[in-house]
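# Residue-level structural notes
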Amino acid sequence: MNIAVLSRLREIVFGVQDGLISNVALTTSMAIATENLSSIIIAGVTGAIAGTFSMASGAFLSSRAEAEVSSITEAKGSDEKHPILDPLKDSVAMGVSFLVAALIPIAPYFLLNGSTAIWCSILFTLISLFLLGLIKGYLVRKNVLKSGAEVFLIGMGSACIGYMLGESIPVVLSNIVR
């Protein structure tokens, strides 16, 4: 596999994982708060688009900053090896990865409603996390099942924390703001 392509793997994994988790949390919380299907879809699509631009611009700026640091260390004669950096390609990889993944948790709401849509959204997200890990493991020549489990468990842990916050913050705020 081409080294330049593998150097985008960081952005792809980051973008897919974040797109899946942030949008499953958004659509699930909207579905629980309101049963209005169009509101759920609007929130999910809006979150996907806003997240895409946020993640892409963040990848661009961080990649550019890393490239600038690399040029300073190279100018000082450092022998450190630096990754292949291309802020524009990093930005596109991150943005496209986030957008594609963020659409996965929204998809069930176009065809289903109620708890069926919620559970399908969560199931599709969990399956996608595991597949992301399998693919990552294959590309970096590591144990694919271990890699799949790692991405799945970390993603699920992140989603569970988000769920617990979503359940507890309204209770805390309702006691503070009366």
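This text gives an overview of the structure that appears in the document.

The rules behind the values
- Residues numbered from 1 in each chain as written.
- Predicted model: local features only at pLDDT ≥ 70, side-chain atom pairs only at ≥ 80, totals over all residues.
- Heavy atoms only, no water.
- Salt bridge = Lys/Arg side-chain N within 4 Å of Asp/Glu carboxyl O.
- Helix = DSSP H or I, 4+ residues; strand = E, 2+ residues; numbered from the N terminus.
- Buried < 20%, exposed > 50% of the residue type's maximum accessible area, 1.4 Å probe, protein only.
- 1 Å grid on protein atoms, 1.4 Å probe; cavity = no way out; pocket = protein on both sides within 12 Å on 5 of 7 lines; lining within 4 Å.
- Points joined across faces, edges and corners; volume = space filled by probe spheres on them.
- Polar contact = N/O pair within 3.5 Å; in protein donor to acceptor, adjacent residues only side chain to side chain.
- Contact = heavy atoms within 4.5 Å.
- Axes fitted to C-alpha atoms, helices over the stretch in contact; angles between N-to-C directions.
- Parallel < 35°, antiparallel > 145°, perpendicular 65-115°, else oblique.
- Core = buried A, V, L, I, M, F, W, Y, C linked by side-chain atoms within 4.5 Å.
- Left-handed = near helix turned anticlockwise from the far one by under 90°.
- Nonpolar A, V, L, I, M, F, W, Y, C, P; charged D, E, K, R; others polar.

In total, this model carries three salt bridges according to the counting rule given. For D90, the salt bridge goes to R8, with nearest N and O atoms at 2.4 Å. Residue D90 is located in helix α4 (residues 87-103), and its partner R8 is located in the loop between α1 (3-6) and α2 (9-33); the two are separated by 82 residues in the primary sequence. By relative accessible area, which is 2% here, D90 ends up buried. Where E11 meets R10, a salt bridge forms, and the shortest distance between an N and an O atom there is 3.5 Å. On the basis of relative accessibility, which here comes to 6%, the residue E11 falls in the buried class. Among the residues examined, R10 registers a relative accessible area of 55% and is labelled exposed.

This next bit is on unusual backbone geometry. For R141, which is not glycine, the phi dihedral falls at a positive 60°. Of note, R141 is situated in the loop between α6 (114-139) and α7 (144-176). The exposure class of R141 is exposed, given its relative accessible area of 73%.

On to the layout of surface pockets, then. One number sums up the size of the largest pocket: a volume of about 470 Å³. Going through the elements one at a time, α2, α6 and α7 are the ones with two or more residues in the lining of the largest pocket. For the second largest pocket, the calculated volume is near 290 Å³. Residue lining of the second largest pocket: I3, L6, S7, R10, E11, S62, S63, E66, P83, I84, L85 and D90, and that is the complete set.

So, on to the side chain of N23. Following the sequence through the fold, N23 ends up in helix α2. A relative accessible area of 2% places N23 in the buried class. Among the polar contacts listed, one links the side chain of N23 to the backbone oxygen of A102, at a separation of 2.9 Å. Setting aside residues no more than four positions away along its own chain, N23 makes contact with D18, G44, G47, A48, A102, P105 and I106.

In this section: the packing of α2 against α6. Relative to each other, α2 and α6 sit at 170°, their axes nearing to 10 Å. It follows from the interaxial angle that α2 and α6 lie roughly antiparallel. Counted together, L9, V13, V16, Q17, L20, I21, V24, T27, T28, A31 and I32 of α2 and I118, S121, I122, T125, S128, L129, L132, K136 and L139 of α6 form the full contact between these two elements.

Counting residues in each nonpolar core, the largest one holds nine residues, listed as L9, V13, V16, L20, I21, A101, L129, L132 and V151. Looking at this core, the elements that each hand over two or more residues are α2 and α6. The dominant element in this core, judged by the number of residues it contributes, is α2, at five residues. Apart from residues lying up to four places away in sequence, V16 is in contact with S97, F98, A101 and L132. The next biggest cluster of nonpolar side chains, apart from the first, holds seven residues, and it includes A48, M94, F98 and I106.

All right, on to the packing of α2 against α4 then. Close contact between α2 and α4 brings their axes to 7 Å; oriented N to C, the two are set at 30°. The orientation of α2 relative to α4 falls into the category roughly parallel. Of the two possible hands of crossing, α2 and α4 adopt the one that is right-handed. Contact residues: E11, I12, F14, G15, V16, D18, G19, L20, S22 and N23 in α2; D90, A93, M94, S97, F98, A101 and A102 in α4. Split into classes, the residues belonging to the contact of α2 with α4 amount to nine nonpolar, five polar and three charged.

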